[in-house]
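Chain by chain, the residues:
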Amino acid sequence: MRILIVEDEIKITQALSYLFAKQKIDVDIANDGDEGLILSEKDIYDVIVLDIMLPGTDGIEILKSIRKNGIQTPVIMLTAKDTVDDRVYGLETGADDYLVKPFATKELIARVKALARRKSNDYVGEIYEFEGIKYDVKNYLLYISDEEFKLPLKEAMLMEMFIKKPRQVFTREQIIDRIWGLEADILESNIEIYVHHLRKRLDDTNAKIETVRGVGYMLKEK
């Protein structure tokens, strides 16, 4: 799982980064609204934890922007405001959950995990299907006809991106950010290696990974 935390209080983000890391959850941090908007629009996260009161672009404007752009990543709003109107406004704008400061970190972690589990309506349990292929995201298992393939980690993460959002183009930057992290110094040839492996696996199926020249890749029907 990879999440984004947009929060300007450094002590909070440091503590949350540590706690989420112990849960084996990857975390990217934005300490102001402008950076938070840029990162959230990459559409590479399973959940976004978003403070309302931020320097630069505020949390509500970030939420409005990503929803306007069709990004349906679950969002938990954080705020010191404890009025019913504030909560209702956040939820009506497109938030999925709401947590008032100060909050128990265990509760936030539990809510993040719950939202990640229900992120998509296109799967049963943890099995995604597309054009006759099935993929078990939890166990890295790809099913083609009667055969089962256990995918290596990076290849599995790439397959998960594609099969959760078939026919969506993923840029090379999105793929690098999602699989290796924002600060990784990765060559595009690294992506091509994993794409090549997945293509070989899909040779005898009705699905293929298509290169969108100058942009990236997408999973689609043949």
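Values in this document were obtained by computation on a predicted structure and should not be read as measured data.

Thresholds, definitions, all that
- Residues numbered from 1 in each chain as written.
- Predicted model: local features only at pLDDT ≥ 70, side-chain atom pairs only at ≥ 80, totals over all residues.
- Heavy atoms only, no water.
- Pairing = 2+ DSSP bridges.
- Helix = DSSP H or I, 4+ residues; strand = E, 2+ residues; numbered from the N terminus.
- Axes fitted to C-alpha atoms, helices over the stretch in contact; angles between N-to-C directions.
- UniProt positions renumbered as here; feature names shortened; annotations may be inferred.
- Buried < 20%, exposed > 50% of the residue type's maximum accessible area, 1.4 Å probe, protein only.
- Contact = heavy atoms within 4.5 Å.
- Phe/Tyr/Trp six-rings, centres within 6.5 Å; stacked < 30°, edge-to-face > 60°.
- Core = buried A, V, L, I, M, F, W, Y, C linked by side-chain atoms within 4.5 Å.
- Polar contact = N/O pair within 3.5 Å; in protein donor to acceptor, adjacent residues only side chain to side chain.

## Observations regarding the sheet that holds strand β2 (residues 26-30)
Paired through their backbone hydrogen bonds, the strands of a sheet run either parallel or antiparallel.
Then comes step 1: With parallel pairing, five strands are arranged side by side in an open sheet as β2-β1-β3-β4-β5. Of all strands in the sheet, those bounded by a partner on one side alone are β2 and β5 (97-100). Taken pair by pair, the neighbouring strands of this sheet meet at an average axis angle of 20 degrees, ignoring direction.
Then comes step 2: Note: strand β1 (residues 2-6) against strand β3 (residues 47-51), four bridges, orientation parallel. Of the residues in β3, the one forming a bridge with Val-6 is Leu-50.

## Re the UniProt feature "modified residue: 4-aspartylphosphate" (unreviewed entry) in the chain
Then comes step 1: Taking the UniProt record as the reference, the feature "modified residue: 4-aspartylphosphate" (unreviewed entry) is found at Asp-51.
Then comes step 2: Mapped onto the elements, Asp-51 comes out in strand β3.
Then comes step 3: The class for Asp-51 is buried, based on a relative accessible area of 3%.
Then comes step 4: With near-sequence residues (within four places) excluded, Asp-51 lies in contact with Val-6, Glu-7, Asp-8, Gly-59, Leu-78, Thr-79 and Lys-101.

## Details of the packing of aromatic side chains
Two aromatic rings, taken as a pair, are described by how far apart their centres are and by the angle between their planes.
Then comes step 1: In this structure the tally under the stated criterion is two aromatic pairs.
Then comes step 2: Aromatic pair Phe-162 and Phe-170: ring centres 6.0 Å apart, planes at 65 degrees, arrangement edge-to-face.
Then comes step 3: Considering the side-chain rings of Trp-180 and Tyr-194, the 6.0 Å spacing of their centres and the 50 degrees angle between planes classify their relative orientation as tilted. One end of the pair, Trp-180, is in the loop between α7 (172-179) and α8 (188-201); the other, Tyr-194, is in helix α8, with 14 residues separating them in the sequence.

## Considering the nonpolar core
Within soluble globular proteins, side chains that are nonpolar generally end up buried alongside one another.
Then comes step 1: Within the largest apolar cluster, 26 residues are counted, with the highest numbers of intra-cluster contacts made by Met-159, Phe-162, Ile-175 and Leu-219.
Then comes step 2: Those elements giving two or more residues to this core turn out to be β7 (127-130), β8 (133-136), β9 (141-144), α6 (153-164), α7, α8, β12 (207-212) and β13 (216-221).
Then comes step 3: Sort the elements by how many residues they give to this core and α6 lands first, with six residues.
Then comes step 4: In this structure Ile-175 touches Leu-158, Met-161, Phe-162, Phe-170, Trp-180, Ile-191 and Tyr-217, once residues within four positions along its chain are discounted.
Then comes step 5: Formed by 20 residues, the second largest nonpolar core is a distinct cluster that contains Leu-39, Ile-44, Leu-50 and Leu-54.

## A closer look at unusual backbone geometry
Then comes step 1: The step from Lys-101 to Pro-102 runs through a cis peptide bond, and the omega angle for that step is -10 degrees.
Then comes step 2: Looking at where Pro-102 falls in the secondary structure, it is placed in the loop between β5 and α5 (105-117).
Then comes step 3: Positive phi is not limited to glycine here, since Lys-24 has a value of about 60 degrees.
Then comes step 4: Residue classification places Lys-24 among the exposed positions, given a relative accessible area of 73%.
Then comes step 5: Positive phi is not limited to glycine here, since Arg-167 has a value of about 70 degrees.
Then comes step 6: Assignment of secondary structure puts Arg-167 in the loop between α6 and β11 (170-171).

## As for the sheet that holds β12
Then comes step 1: Spatially, three strands are ordered β11-β13-β12 in an open sheet, and the strand pairing comes out antiparallel. Edge positions in the sheet fall to β11 and β12, since each has one partner strand and no second.
Then comes step 2: As defined by bridge partners, β12 adjoins β13 across six bridges and the pair is classed as antiparallel. Looking at the pairing, Ile-209 lines up with Leu-219 of β13.
Then comes step 3: α8 rests against β12 and β13 of the sheet, and its axis sits at about 150 degrees to β12.

## Focus: helix α3 (residues 59-68)
Then comes step 1: Summarising burial for α3: seven of the ten residues are buried, a large majority.
Then comes step 2: Every buried residue of α3 is listed here: Gly-59, Ile-60, Ile-62, Leu-63, Ser-65, Ile-66 and Arg-67.
Then comes step 3: Taking the backbone nitrogen of Ile-60 as reference, a side-chain oxygen 3.0 Å away marks Asp-58 as the first, capping residue of α3.
Then comes step 4: At the exit of α3 stands Gly-70, carrying a positive phi of roughly 80 degrees.

## Observations concerning the pairing of β8
Remark: a regular strand shows side chains that alternate across the two faces of the sheet.
Then comes step 1: The pairing of β7 with β8 spans four bridges and is classified as antiparallel. Considered in β8, the bridge of Ile-127 is made with Asp-136.
Then comes step 2: Where β7 folds back onto β8 in an antiparallel hairpin, the turn is made up of two residues, including Glu-131, whose phi is positive at roughly 50 degrees.
Then comes step 3: Taken together, the four bridges between β8 and β9 define a ladder with antiparallel strand orientation. Paired with Lys-134 across the strands is Tyr-143, a residue of β9.
Then comes step 4: In textbook terms, the turn of a hairpin is the stretch between consecutive antiparallel strands, and for β8 and β9 this stretch comprises four residues, one of which, Tyr-140, has a positive phi near 60 degrees.

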